[in-house]
Amino acid sequence: MKKSKQALYLLLILLTLADILLLGYITFYPISLQFKYYAFTFDLVLCIVLWVEFIYSYLHSDDKSQYLNDNLLSILGMLPIDFIFLRALRLLKLFQLIRIFVVSKDDEDLFTNFLKRTYLDKIIIIAIIFIFVITILIRVADSNINDIQTALWYIIVSMTSTGYGDVIPVDVSGRIIGIIAMVGGILIFATITAVISSLYMSRIARDTHNDFDSKIEELTSEIEKLNKKIDELKKD
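What you see is a predicted model, and the numbers here were worked out from it, not measured in a lab.

A.B. asks: How do you make sense of the overall build of the protein chain when you look at a structure like this?
C.D. replies: Helix and strand counts for the protein chain stand at 10 helices and zero strands. The order of helices and strands in the protein chain, counted from the N terminus, is α-α-α-α-α-α-α-α-α-α. Counting every position in the protein chain, which comprises 236 residues, the buried fraction comes to 30%. When contacts within the protein chain are restricted to residue pairs at least 6 apart in sequence, those whose partners lie at least 24 apart make up 64%. Total accessible area computed for the protein chain in this model is approximately 15600 Å², and 67% of it derives from carbon and sulfur atoms.

A.B. asks: Looking at this structure, how should I read the environment of L187?
C.D. replies: Tracing the sequence through the fold places L187 in helix α10 (residues 172–235). Separated by 60 residues in sequence, L187 and A127 have C-alpha atoms that sit 9.9 Å apart.

A.B. asks: For this particular structure, what's the right way to read the packing of aromatic side chains?
C.D. replies: One pass over the full model with this rule turns up five aromatic pairs. Ring geometry for W153 against Y164: centres 5.7 Å apart, planes inclined by 5°, an arrangement best described as stacked. On the criterion of sequence distance, the pair formed by W153 in helix α9 (residues 148–159) and Y164 in the loop between α9 and α10 is long-range, its members being 11 residues apart. The exposure class assigned to W153 is partly exposed, which follows from its relative accessible area of 32%. Among the aromatic residues, those joined into a ring-pair cluster are W51, F54, Y58 and Y67. Residue placement shows K64 over the ring face of Y58; its charged tip is 6.0 Å from the ring centre.

A.B. asks: Mind showing me how you'd approach α9 here?
C.D. replies: With 12 residues, α9 should reach 16 Å at 1.5 Å per residue; the first-to-last C-alpha distance of 16 Å fits that figure. Regarding α9, the residues found buried are A151, L152, Y154, I155, V157, S158 and M159. Just past α9, the residue S161 takes up positive phi, approximately 60°.

A.B. asks: I'm lost on the packing of helix α8 (residues 120–141) against α9 in this one. Help?
C.D. replies: A packed helix pair is summarised by two numbers, namely the angle formed by the two axes and the spacing between the axes. Closest axis-to-axis distance for the α8/α9 pair is 9 Å, and the angle between their directions is 120°. On the basis of their axis angle, the class for α8 and α9 is oblique. Crossing handedness for the pair α8 and α9: right-handed. For the pair formed by α8 and α9, the contact residues are F130, I131, I134, T135, I136, I138 and R139 on the first element and I148, A151, L152, Y154, I155 and M159 on the second. Each residue belonging to the contact of α8 with α9 can be placed in one class, and the counts come to 11 nonpolar, one polar and one charged.

A.B. asks: Is there a simple way to explain a nonpolar patch on the surface in this structure?
C.D. replies: Among the surface-exposed residues, Y25, F28, Y29, F35, W153, I156 and Y164 lie close enough to one another that they form a single nonpolar patch of about 700 Å² accessible area. When contributions to the nonpolar patch are tallied by element, the ones reaching two or more residues are α1 (2–28) and α9.

A.B. asks: How do you make sense of the environment of R90 when you look at a structure like this?
C.D. replies: Mapped onto the secondary structure, R90 falls in helix α6 (residues 90–103). Along the primary structure R90 and G77 are separated by 13 residues, whereas in three dimensions their C-alpha atoms are 4.3 Å apart. What R90 contacts, discounting residues up to four positions off in sequence, is T16, D19, I20, L23, D43, C47, L50, G77, M78 and L79.

A.B. asks: Even after reading the chapter, I still don't get the nonpolar core, so can you show me in this structure?
C.D. replies: Proteins that are soluble and globular tend to have nonpolar side chains buried together. Among the nonpolar cores identified, the biggest contains 13 residues, and Y9, L12, I13, L50, F54, M78 and L97 are the most heavily contacted of them. Contributions of two or more residues to this core are made by α1, α2 (33–59) and α6. Beyond its immediate chain neighbours, meaning those up to four positions away, L97 contacts Y9, L12, I13, T16, L50 and E53. I134, I177, A181 and I188 belong to the second-largest nonpolar core, a separate cluster that totals 12 residues.

A.B. asks: I'm lost on unusual backbone geometry in this one. Help?
C.D. replies: Excluding glycine, residues mostly have negative phi values, and the peptide bonds linking residues are mostly trans. We note that S161 has phi near 60°; this positive angle belongs to a residue other than glycine. If you trace the backbone, S161 turns up in the loop between α9 and α10.

A.B. asks: I tried to follow α2 on my own but got confused; where do I start?
C.D. replies: Within an α-helix, residues lying three or four positions from one another point in the same direction, as the helix has 3.6 residues per turn. Helix length check: α2 (27 residues) gives 39 Å between terminal C-alpha atoms against 39 Å at 1.5 Å per residue, within 8%. Every buried residue of α2 is accounted for by A39, D43, L46, C47, L50, E53, F54 and S57.

Parameters and conventions
- Residues numbered from 1 in each chain as written.
- Predicted model: local features only at pLDDT ≥ 70, side-chain atom pairs only at ≥ 80, totals over all residues.
- Heavy atoms only, no water.
- Helix = DSSP H or I, 4+ residues; strand = E, 2+ residues; numbered from the N terminus.
- Buried < 20%, exposed > 50% of the residue type's maximum accessible area, 1.4 Å probe, protein only.
- Contact = heavy atoms within 4.5 Å.
- Areas by Shrake-Rupley, 256 points an atom, 1.4 Å probe, with all protein chains shown as cover.
- Phe/Tyr/Trp six-rings, centres within 6.5 Å; stacked < 30°, edge-to-face > 60°.
- Lys NZ or Arg CZ within 6 Å of the ring centre and 35° of its normal.
- Expected span 1.5 Å × (residues − 1).
- Axes fitted to C-alpha atoms, helices over the stretch in contact; angles between N-to-C directions.
- Parallel < 35°, antiparallel > 145°, perpendicular 65-115°, else oblique.
- Left-handed = near helix turned anticlockwise from the far one by under 90°.
- Nonpolar A, V, L, I, M, F, W, Y, C, P; charged D, E, K, R; others polar.
- Patch = residues over 30% accessible without salt bridge, like charges linked within 9 Å, V, L, I, M, F, W, Y side chains within 5 Å.
- Salt bridge = Lys/Arg side-chain N within 4 Å of Asp/Glu carboxyl O.
- Core = buried A, V, L, I, M, F, W, Y, C linked by side-chain atoms within 4.5 Å.

Have a look at this one:
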């Protein structure tokens, strides 16, 4: 049963990842109506599957109200609505599926402790909300940015310090929001980098500690053998 559960969630992870990439592609690149129809059909079918999984997990949860509170944003991420920020919330659903997959492999304590120590889930939620708010603000505030797709493109480019220069805010308010996006991106990506670094450092420290423990055990066993030989020599 456990292996079948792991296989199911691994499949859901792959399908959700493919859906996110597909929705991202049709958001930023011109496509035919037929391709767009197929993409939205795939998205709709996936959302139905995710809702079935959600309802099943809800019915089998011990604390149903707590389950709803923990999955409120991922519920929004399962709505098959052609709105760019609801599509972005699909990332939270992907993260939740990865978490369930890890927990099903009996790594619950390790994964839970990692989230409590690093707040990675909260960082991702804050990053998505930050991108949402800043994109809306610059779309409204700057006259040179005329649609949500362009606004989102500019914010992501600014946050990652890429700076292509294809989209430039011309109003003072737009430039101020661009500065906020740059500073926010530096803080968010620096925090995520620190989280990843802490993961590797903790693993290195744990491996080093295990090596020391094994060497101490070997030395202890050698000392015990020497003590036995000394006792035998004394008896002789």
